[in-house]
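Structure assessment
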Amino acid sequence: MHESIQYIVNFLYAAMLTGVPLMYGTLGEVITQKAGNLNLGVEGMMYLGAVFGFWGGYATGSPVMALLCAFAAGMGGALLYALLTVSFKANQNVTGLTLTIFGTGLANYIGTSLIMASPTESATVAANVINAFRPVRFGFLTDIPYLGKLIFSHSWFVYLGVALCVAAGFYLNHTRQGLNLRAVGENAAAADAVGIPVTLYKYVHIGVGGGICGLGGAYVALVTCGGTWTYNCISGLGWIAVALVIFAAWSPYRVLYGSLAFGTLSILRLYIPGTVISIPPSIFSMLPFLATILVLVITSIRLTREKMQPRGCGVNYFREER
């Protein structure tokens, strides 16, 4: 009995760790879409956050600089997207896809350059940076059977992500600025008519959303990959995050258990004994996207305004046409 419970605890713990980068990427995209912009460049922003967060830790030996560089890189990519779509009225879908291609290529180029410049033919951040993002202990709380591992045995990355989700949910639902943001995303013309600075709101929240995506990339580079640069380290997580936005119904609170659910599906193949059931690995790779399709079907049947994409997503706002 004890072994069975411990097996389940280990499975849930691994699912939580796998879902952390998805949590950051999804939350960043939720904030972006709440501003009325559909940014398909989440993968690219996560790559930018991964490589510049890695570079920040590699060059300075400071975990704080690693986080700041990751956030700034993700924000920089997002602001470039905002410049093209908000100011220059470029197509949002095409711009987002271009950002993904740009971020992926630049990250792999910089990462490969760091490896080639290293005498050991590998690039690894300093030990103190890696240790800063290892699981922390909370005294006797960490030693609580089962719950201690699930709740009090994570790195600061995990707790920061949870705090950001809770703070974003409160911001969107219980502050004037959050309500203004939702108005901008639903009907920019109406928001503009009542005096809300639409362009400013879009730039600020698209930038912040991109910065949060960058932190998700940094988690992959510094935690998942153990602080060693790995080619193509994001490997599609950004695309899953875009799909997870739908699963979470554009709610920062739902991002928490949505990322856990997708993390569970992502590692399921590692916890099902092959002697019990034989399923091709490709089937397991499909599970997160299959879940998204099911959510789309269910959402379309139970149409509610609160669980649908903001109306302004994908549509550029021309103030002259108001």
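Up top is the structure.
In short, a report on the structure. (Residues numbered from 1 in each chain as written. Predicted model: local features only at pLDDT ≥ 70, side-chain atom pairs only at ≥ 80, totals over all residues. Heavy atoms only, no water.)

Here we look at the overall build of the protein
Looking only at helices and strands, one finds 13 helices and zero strands in the protein. Reading the secondary structure of the protein in the N-to-C direction produces α-α-α-α-α-α-α-α-α-α-α-α-α. Against the compact-globule benchmark of 20 Å for 322 residues, the protein has a radius of gyration of 20 Å, which places it among compact chains. Counting only C-alpha atoms, the protein reaches 65 × 50 × 40 Å along its principal axes. Counting over 322 residues, the protein shows a buried share of 47%. Within the protein, contacts between residues separated by at least 24 positions form 76% of all contacts whose residues are at least 6 apart in sequence. (Helix = DSSP H or I, 4+ residues; strand = E, 2+ residues; numbered from the N terminus. Rg over C-alpha atoms; globule rule 2.2 N^0.38 Å. Buried < 20%, exposed > 50% of the residue type's maximum accessible area, 1.4 Å probe, protein only. Contact = heavy atoms within 4.5 Å.)

Here we look at helix 8 (residues 176–186)
Listed in full, the buried residues belonging to helix 8 are Gly178, Asn180, Leu181, Val184 and Gly185. Buried residues in helix 8, looked at end-on, bunch into an arc of 160°, giving them a common side. (Arc of directions from axis to C-beta.)

Observations concerning the side chain of Gln92
Note on placement: Gln92 falls in helix 4 (residues 92–117). Looking at Gln92, its side chain comes within polar contact range of the main-chain nitrogen of Leu38, at 2.9 Å. Ignoring anything within four residues of it in the chain, the contact list for Gln92 reads Gly36, Asn37, Leu38, Tyr81, Thr85, Cys313, Gly314, Val315 and Asn316. (Polar contact = N/O pair within 3.5 Å; in protein donor to acceptor, adjacent residues only side chain to side chain.)

With respect to the pattern of salt bridges
A complete count under the given rule lists two salt bridges for this structure. Measuring nitrogen to oxygen at the nearest pair gives 3.0 Å for the salt bridge that ties Asp143 to Arg137. Across the pair Arg311 and Glu186 runs a salt bridge whose closest N-O atoms are separated by 3.4 Å. A residue pair is termed long-range when its members are at least 10 positions apart, and Arg311 in the segment after helix 13 (281–301) and Glu186 in helix 8 qualify at 125 residues. By relative accessible area, Arg311 is classed as exposed at 56%. Of the residues examined, Glu186 reaches a relative accessible area of 28% and is grouped as partly exposed. (Salt bridge = Lys/Arg side-chain N within 4 Å of Asp/Glu carboxyl O.)

Quick notes on a nonpolar patch on the surface
On the surface, Leu290, Ile293, Leu294, Val297, Ile298 and Ile301 cluster together into a nonpolar patch covering about 580 Å² of accessible area. Position of Ile298 relative to the elements: it lies in helix 13. (Patch = residues over 30% accessible without salt bridge, like charges linked within 9 Å, V, L, I, M, F, W, Y side chains within 5 Å. Areas by Shrake-Rupley, 256 points an atom, 1.4 Å probe, with all protein chains shown as cover.)

Remarks on the packing of aromatic side chains
In total, this model carries 10 aromatic pairs according to the counting rule given. The interplanar angle of 90° and the centroid separation of 6.0 Å between the aromatic rings of Tyr24 and Phe157 together place this pair among those described as edge-to-face. Placement of the pair is Tyr24 in helix 1 (residues 2–34) and Phe157 in helix 7 (residues 156–174), with a sequence separation of 133 residues. Here Tyr24 falls in the buried class, since its relative accessible area comes to 1%. Grouping aromatic residues by their ring pairs yields a cluster made of Tyr24, Phe133, Phe157 and Tyr219. (Phe/Tyr/Trp six-rings, centres within 6.5 Å; stacked < 30°, edge-to-face > 60°.)

Brief notes about the packing of helix 7 against helix 12 (residues 252–267)
Between helix 7 and helix 12, the least distance of the axes is 7 Å, while the angle of their chain directions is 150°. Classified by the angle between their axes, helix 7 and helix 12 sit roughly antiparallel to one another. Between helix 7, through Val162, Cys165, Val166, Ala168, Gly169, Phe170, Leu172 and Asn173, and helix 12, the contact on the second element is made entirely by Pro252, Tyr253, Val255 and Leu256. Class assignment of the residues belonging to the contact of helix 7 with helix 12 gives a composition of 10 nonpolar, two polar and no charged. (Axes fitted to C-alpha atoms, helices over the stretch in contact; angles between N-to-C directions. Parallel < 35°, antiparallel > 145°, perpendicular 65-115°, else oblique. Nonpolar A, V, L, I, M, F, W, Y, C, P; charged D, E, K, R; others polar.)

Topic: the packing of helix 3 (residues 63–87) against helix 4
For the pair helix 3 and helix 4, the least separation of the axes is 10 Å and the interaxial angle reads 150°. Overall, the two elements helix 3 and helix 4 adopt an arrangement that is roughly antiparallel. The crossing of helix 3 and helix 4 is right-handed. Taken together, the residues of helix 4 that come into contact with helix 3 (itself represented by Gly77, Tyr81, Leu84 and Thr85) are Gln92, Thr95, Gly96 and Leu99. Residues belonging to the contact of helix 3 with helix 4 are distributed by class as follows: three nonpolar, five polar and no charged. (Left-handed = near helix turned anticlockwise from the far one by under 90°.)

Function cannot be read off these values alone, since they describe shape.
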